[in-house]
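Each chain, letter by letter, is given below.
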Amino acid sequence: MTKDLVRTRHQIEKFYKLKSQLQGVSLRIQTLKSTQAMGEAMKGVTKAMGQMNRQMNLPSLQKILQEFEGENEKMELITEVMGDAIDDALEGDEEEEETEELVNQVLDEIGIDINQELLNAPSTAVAAPAAKTKVPQVETAGNDDAGIDSDLQASVSNELYNSGL
């Protein structure tokens, strides 16, 4: 009886080993089937790619792409020009208003009412002076960013000099 029990245990152990080996073989067969299916799929894709390559007209595609590139560049250029034009149109109004406000502020600070001065201005032609005199200019420190301010200062100085103040 003990011998039968030992034999039965060995048989069970052999059956487990055999079962594991059969499962391994089954997995290998399944892998081979998947590999074969992949090969068939790649064969189909290769045929489709070959047909597409035969149908494609490469010079025609290149011509279309070149035309597209040219039209795209034209569109970008037109967009840039239109954007610059719109920016210039919008900036001009703001700059004029800002310049006028700054001139009025400077004139108010030095006590000149431009409207009153224009009303008091002579309405007849004034004879030009015989000798040109140099208008005194206010010099600023060597700051290049102050170009607008120095132009404004020169304009105000000329106005003051011409008005006799």
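Scoring rules and cut-offs
Residues numbered from 1 in each chain as written. Predicted model: local features only at pLDDT ≥ 70, side-chain atom pairs only at ≥ 80, totals over all residues. Heavy atoms only, no water. Helix = DSSP H or I, 4+ residues; strand = E, 2+ residues; numbered from the N terminus. Buried < 20%, exposed > 50% of the residue type's maximum accessible area, 1.4 Å probe, protein only. Areas by Shrake-Rupley, 256 points an atom, 1.4 Å probe, with all protein chains shown as cover. Patch = residues over 30% accessible without salt bridge, like charges linked within 9 Å, V, L, I, M, F, W, Y side chains within 5 Å. Salt bridge = Lys/Arg side-chain N within 4 Å of Asp/Glu carboxyl O. pLDDT = per-residue confidence, 0-100. Contact = heavy atoms within 4.5 Å.

### Focus: the overall build of the chain
In terms of regular secondary structure, the chain is built from 4 helices and 0 strands. Listing each helix as α and each strand as β along the chain from the N terminus yields α-α-α-α. Burial statistics for the chain: of 165 residues in total, 4% are counted as buried. Total accessible area on the chain stands at roughly 15300 Å², and carbon and sulfur atoms take up 57% of it.

### Observations concerning a nonpolar patch on the surface
Residues M52, M56, L58, L61 and I64 make up a contiguous nonpolar surface patch of roughly 480 Å² in combined accessible area. The element that contributes the greatest number of residues to the nonpolar patch is helix 2 (residues 58-109), accounting for 3 residues.

### Focus on the pattern of salt bridges
Any two side chains of opposite charge can pair if their charged atoms end up close together. According to the stated counting rule, one finds 2 salt bridges in the structure shown. Measuring nitrogen to oxygen at the nearest pair gives 3.4 Å for the salt bridge that ties D4 to R7. You can see D4 and its partner R7 sitting in helix 1 (residues 2-55), 3 residues apart, about one turn around the helix. Residues E71 and K74 are paired through a salt bridge, measuring 3.6 Å at the closest nitrogen-oxygen approach. Taken together, the residues E71 and K74, both in helix 2 and 3 residues apart, mark about one turn of the helix.

### Structural notes on the confidence of the model for the chain
Interpretation of this model should avoid reading the predicted coordinates in detail wherever pLDDT is low. Per-residue pLDDT for the chain has a mean of 80; in total, 72% of the residues score no lower than 70. Model confidence for the chain, summarised as mean pLDDT per element, is weakest for helix 3 (residues 114-120) at 66 and strongest for helix 1 at 93. Contacts for the low-pLDDT stretch residues 140-145, under 50 throughout, to residues beyond four places or in other chains number 1 contact.

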